[in-house]
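# Chain and residue survey
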Amino acid sequence: MTTHLLEAAGLSKTYPLPGGGSHQAATDVTFAVPPGGALGIVGESGSGKTTVARMLVGLVRPDHGTITVAGRARSPRPPRGRSARLARAREIQMVFQDPYVSLDPRLTATQCLRTALRLHDRGEANAAELLDRVGLGPREADARPRDLSGGQRQRLAIARALAVDPRILVLDEAVAALDVSIQAQILQLLTEIREETGVALVFVSHDLAVVRHVTEEVLVMRRGKVVERGPTSRVLSSPQDPYTRLLLASVPTEGWDPTTAARARESLNPTNPT
Ligand code: ADP
Ligand code: MG
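Every value quoted in this text rests on a predicted model; they were computed, and no experiment measured them.

## Considerations on the domain arrangement of the chain
Assigned domains within the chain: domain 1 (6-98 + 168-239) and domain 2 (241-274). Using C-alpha coordinates to define each centre, domain 1 is positioned 24 Å away from domain 2. Facing 13 residues of domain 1, the contacting portion of domain 2 comprises 12 residues. Between domain 1 and domain 2, a total of about 1,200 Å² is buried, with carbon and sulfur atoms accounting for 57% of that surface.

## Re the pattern of salt bridges
Scanning the entire structure with this criterion turns up 11 salt bridges. Here Glu124 ties to Arg118 by a salt bridge, and the two come within 2.7 Å at their closest N and O atoms. Among the residues examined, Glu124 registers a relative accessible area of 31% and is labelled partly exposed. With its nearest N and O atoms 4.0 Å apart, the salt bridge here joins Arg146 to Asp147. What you see here is one network of salt bridges that share partners, running through Arg72, Arg74 and Glu91.

## A closer look at the site of ligand 1
The full set of residues close to ligand 1 is Tyr15, His23, Ala25, Glu44, Ser45, Gly46, Ser47, Gly48, Lys49, Thr50 and Thr51. Between an oxygen atom of ligand 1 and a main-chain N or O atom of Ser47, the distance comes to 3.1 Å. Between an oxygen atom of ligand 1 and a side-chain N or O atom of Thr50, the distance comes to 2.8 Å. When isolated, ligand 1 has an accessible area of 560 Å², and the protein chains bury 60% of it. Secondary-structure elements contributing two or more residues to the shell around ligand 1 are strand E2 (22-33) and helix H1 (49-57). For the shell around ligand 1, the leading source of residues is H1, giving three residues. Across the shell around ligand 1, the residue classes break down as two nonpolar, seven polar and two charged.

Cut-offs used in this document
- Residues numbered from 1 in each chain as written.
- Chains lettered and ligands numbered in written order.
- Predicted model: local features only at pLDDT ≥ 70, side-chain atom pairs only at ≥ 80, totals over all residues.
- Heavy atoms only, no water.
- Domains from an automatic or database assignment.
- Contact = heavy atoms within 4.5 Å.
- Buried area = accessible area lost by both parts, 1.4 Å probe.
- Salt bridge = Lys/Arg side-chain N within 4 Å of Asp/Glu carboxyl O.
- Buried < 20%, exposed > 50% of the residue type's maximum accessible area, 1.4 Å probe, protein only.
- Near = heavy atom within 4 Å.
- Polar contact = N/O pair within 3.5 Å; in protein donor to acceptor, adjacent residues only side chain to side chain.
- Areas by Shrake-Rupley, 256 points an atom, 1.4 Å probe, with all protein chains shown as cover.
- Helix = DSSP H or I, 4+ residues; strand = E, 2+ residues; numbered from the N terminus.
- Nonpolar A, V, L, I, M, F, W, Y, C, P; charged D, E, K, R; others polar.

Spelled out as structure tokens, the structure:
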């Protein structure tokens, strides 16, 4: 028996390169998330985070490896039949960096949520409750995506993901496009939602400072591989891997020294900067 809600074992993905050859975007990525837990996946741009996130939700098919939710293997393809597809969607929902891409521009916030609720045979009346849960008021309820601020749009995208009452929410750079003060509000919202609903989070970000606020465990990825893992506080306070140290040195905090950050990068990777 497992106590884990989500288990990813040995996930690998290779993309063909346009000029021939191939690029291994993820290599043997393994992790587990307990029910209601929160895992961060961090690493620089190009380290394979999005590839892993998309494998989890089924948008990218792994070459190798398995994904298990509550002890049941997720099939690499969406299953046939409406109820099986809906059941799969209720396991894992995803929130993207840019909600513009995933929100229908024609629908008001309320219509958007009603559509998602109807699809999953949940009462449309829950739309008001969802809006309330993500902190959107009556004015935003009747607004379309273009009339919402970036933070409000991301709140709506989160509400729509929650509409199916998922067990796991995968967020890929979900606050990366937002101002720091708005980021903080969304991170606080995610923490509240976790407490209220028990949903588990997989929080993907290039930004260690962001991961610190929402996750207990963290994976550090570099060039498709996990180079370090552990409790978020431990990894951030005493990183073991040189790459994690480099990432931390690159975060501008109080007393941050760009020269130290540059030197750390040189010593890690003298000839081939990524
Ligand atoms: P991250 O999210 O950490 O920035 P990605 O998973 O998006 O990393 O990308 C990892 C690597 O895989 C990058 O080198 C990227 O160029 C490559 N890659 C990602 N998606 C594709 C794709 N659909 N086709 C080819 N290469 C891809
Ligand atoms: Mg990415």
